[in-house]
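# Results of the structural survey
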Amino acid sequence: MSQTVKDVLDFVKDNDVKFVILTFCDSFGNIKNISLVADELPSAFEKGVSFEAYSVGGFVDPRESDLVLYPDASTIQLLPWRLQHGSVVRFFCKIRHTDGRSFDGDGRGMLFRAQNKLSEMGYSCQIGSDCEFYLFRLDSEGEPTLIPHDRGGYLDAAPFDKGENVRRDICLTLEKLGIKPISSHHERGPGQNEICFKNNDALKACDDLLTFKTVVRTVAAMNGLHASFMPKPLKDEIGSGLHINLSLLKDGENLFAPAMLSKKREAESFIAGILARAKEMAVFLNPTINSYERLEDNEAIEAYNKIAWSYSNGPQLVRIEQDGFAKMQLRSADPSCNPYIAYALLLFAGAEGIENKMKLGKEADIENLEDTDTLPEDLKKAIDIARTSDFIARYVPKGTLDKFIEYKENEYKNYSLSKDKNEFVTKLYFNKI
């Protein structure tokens, strides 16, 4: 038994922990949990906890065996909203086959491999996120409606902004979990909010993002509201994005910082690699039909579908920011993605850009982007591009890729056959994402 595991077991005993939640993510970004009584935790560390893998979206076929969860001791968190009658702790998990082999379809493992690839090249990448979401009212039966929590706009204050107290409770809860947001505010849409986080180790950033989504949903429910991370829940309002901030480090120095001119080419190659694979990665960064309704909203300020970069704010995919903690911001992704797979692909693409010494094109003229290449216009085109991509095949295990594409093709087929497409999309995503 490692000292880390021993420390965890001592913590569980000293804090009167009664239940343990084992958390992982399916291929489509949905959070999954198994709850154990605390007495079973030593066995979970040693032997794991099995589950029916074929019942989890995108994992394995029914004829294959179960998979096994092993809690990652370093991720223990005491859940602050469950303090009555004993405490509850939560772990993120590694996923393995019953014979002990790592499960290739584990997005967390995929991101770990991407981090290792960069590390072997002498680099590391820190990632932060700016995540948007909507708050909606409930009906008399406690079911979610499409009525926004308020009619506030960008950076509005109370009483127009009714989400102020909810955001405060979210941020305070996150701090109790060891996660420190940078800022929070009301966004452009009615009932729309955004919370921003500092850059961190890529794996920790993903774990924290999943924790954040759980906290948002839990705190919203406690306040009699429904939180939705759907990319575009309201047809005539702005959509919600997941802006991914990446900083490339070498020997502890941030290569995006203005002072690092001698390493400028490496940083540019990293960005060039990501731009070069943007279309191929789209189905994983924007994995729903609704994702493309957000990206194709030409009237929206934040429809970031132009495959270009700039220092200025505009509809381009990547914005370079050199104030404060210098970074590149990828702005096309949305909260419906599996962040482990999405972040892993971004790191792999950036690493290939460095390996191939790719050159970054000229900064985009954001006033004239009419002839600029764009992301796929819908989910079907994104699927077709990913299916034939050597890059995607290189890093997404075949079984995982085949099942992901099969699932998404069926999703799009059912959408195409639906009579009321708006109703279909809302019913499919609103309560789930």
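What counts and how
Residues numbered from 1 in each chain as written. Predicted model: local features only at pLDDT ≥ 70, side-chain atom pairs only at ≥ 80, totals over all residues. Heavy atoms only, no water. Helix = DSSP H or I, 4+ residues; strand = E, 2+ residues; numbered from the N terminus. Rg over C-alpha atoms; globule rule 2.2 N^0.38 Å. Buried < 20%, exposed > 50% of the residue type's maximum accessible area, 1.4 Å probe, protein only. Areas by Shrake-Rupley, 256 points an atom, 1.4 Å probe, with all protein chains shown as cover. Lys, Arg positive; Asp, Glu negative; His and termini not counted. Charge placed at Lys NZ, Arg CZ, Asp CG, Glu CD. Salt bridge = Lys/Arg side-chain N within 4 Å of Asp/Glu carboxyl O. Phe/Tyr/Trp six-rings, centres within 6.5 Å; stacked < 30°, edge-to-face > 60°. Lys NZ or Arg CZ within 6 Å of the ring centre and 35° of its normal. Core = buried A, V, L, I, M, F, W, Y, C linked by side-chain atoms within 4.5 Å. Contact = heavy atoms within 4.5 Å. Axes fitted to C-alpha atoms, helices over the stretch in contact; angles between N-to-C directions. Parallel < 35°, antiparallel > 145°, perpendicular 65-115°, else oblique. Left-handed = near helix turned anticlockwise from the far one by under 90°. Nonpolar A, V, L, I, M, F, W, Y, C, P; charged D, E, K, R; others polar. Disulfide = S-S within 2.5 Å.

### Structural notes on the overall build of the protein
Within the protein, the regular secondary structure consists of 13 helices and 17 strands. Here the protein has a C-alpha radius of gyration of 21 Å; the compact-globule value for 433 residues is 22 Å, and the two agree. By its C-alpha atoms, the protein is 60 × 55 × 45 Å across when sized along the principal axes. Out of the 433 residues in the protein, the part that is buried amounts to 57%. About 19500 Å² of surface is accessible on the protein, with carbon and sulfur atoms providing 47% of the total. Of the charged side chains in the protein, 54 are positive and 66 negative; the average position of the first set lies 2 Å away from that of the second.

### Remarks on the pattern of salt bridges
A side chain with one charge can pair with a side chain of the opposite charge if their charged atoms come near. Enumeration according to the criterion identifies 25 salt bridges in this entry. The partner of Lys6 in a salt bridge is Asp10, with the nearest N and O atoms 3.1 Å apart. Highlighted residues: Lys6 and Asp10, both in helix α1 (residues 3–14), separated by four residues, approximately one helical turn. Look at Asp10 and you get partly exposed, because its relative accessible area is 33%. By sharing partners, the salt bridges in this structure join Arg277, Glu280, Glu352 and Arg394 into a single network.

### Side note on the packing of aromatic side chains
Evaluation of the coordinates by the stated rule reveals 19 aromatic pairs. For the pair Tyr412 and Tyr415, a centre-to-centre distance of 5.7 Å together with 50 degrees between the ring planes defines the contact as tilted. Placement of both Tyr412 and Tyr415 in helix α12 (residues 398–417) is noted, with a separation of three residues, approximately one turn of the helix. In this structure Tyr415 comes out as buried when scored by relative accessible area, which is 15%. These aromatic residues form a ring-pair network of at least three members: Phe24, Phe51, Phe59 and Phe103. Above the ring of Phe229, the side-chain terminus of Lys213 is found at 5.2 Å from the ring centroid. Seen from the ring of Tyr415, Lys421 lies directly overhead, with NZ or CZ sitting 5.6 Å from the centre.

### Some remarks on the nonpolar core
In this structure, Ile170, Phe212, Phe270, Phe284, Met328, Leu330 and Leu347 are the most contacted members of the largest nonpolar core, which totals 106 residues. For this core, the element with the highest residue contribution is helix α9 (residues 339–355), accounting for twelve residues. Apart from residues no more than four positions distant in its own chain, Leu330 is found in contact with Leu242, His243, Ile244, Ile274, Leu285, Leu317, Val318 and Leu346.

### Here we look at the packing of helix α7 (residues 278–285) against helix α10 (residues 379–387)
Describing two packed helices takes the angle between their axes plus the distance from one axis to the other. Running from N to C, α7 and α10 cross one another at 120 degrees; their axes reach a closest spacing of 8 Å. As the angle between them shows, α7 and α10 are arranged oblique. Classified by chirality, the crossing of α10 by α7 is left-handed. Only Leu379, Ala382, Ile383, Ile385 and Ala386 of α10 make contact with α7, whose side of the interface consists of Lys279, Glu280, Ala282 and Val283. Of the residues assigned to the contact of α7 with α10, the class counts are seven nonpolar, no polar and two charged.

### Some remarks on unusual backbone geometry
With an omega of 10 degrees, the peptide bond running from Ala158 to Pro159 counts as cis. Assignment of secondary structure puts Pro159 in the loop between β8 (144–148) and α4 (164–176). Non-glycine residue Asp16 carries a positive phi angle of around 55 degrees. For Asp16, the position within the fold is in the loop between α1 and β1 (17–25). Its identity is not glycine, yet Asp251 carries a phi of approximately 55 degrees, on the positive side. Checked against the element boundaries, Asp251 lands in the loop between β13 (242–250) and β14 (253–254).

### Here we look at the packing of helix α6 (residues 264–276) against α9
In contact at an axis separation of 6 Å, α6 and α9 are set at 125 degrees when each is read in the N-to-C sense. Judged on the interaxial angle alone, α9 and α6 are oblique. The crossing of α6 and α9 is right-handed. The residues of α9 that touch α6, namely those facing Glu266, Ser269, Phe270, Gly273 and Ile274, are Leu346, Leu347, Ala349, Gly350, Ala351, Gly353 and Ile354.

### Focus: the side chain of Asn193
Assignment of secondary structure puts Asn193 in strand β10 (residues 192–197). Asn193 gets classed as buried once you look at its relative accessible area, which sits at 1%. The residues contacting Asn193, other than those within four sequence positions of it, are Cys131, Glu132, Phe133, Leu135, Gly163, Arg167, His185, His186 and Glu187.

### Things to note about the state of the cysteines
A complete count under the given rule lists zero disulfides for this structure. Not engaged in a disulfide, the cysteine Cys25 finds its nearest cysteine sulfur in Cys206; these two sulfurs lie 8.6 Å apart. Cys25 gets classed as buried once you look at its relative accessible area, which sits at 7%. Left unpaired, Cys337 is separated from the closest cysteine sulfur, that of Cys206, by 8.0 Å. Classification of Cys337 by relative accessible area gives buried; the value is 2%.

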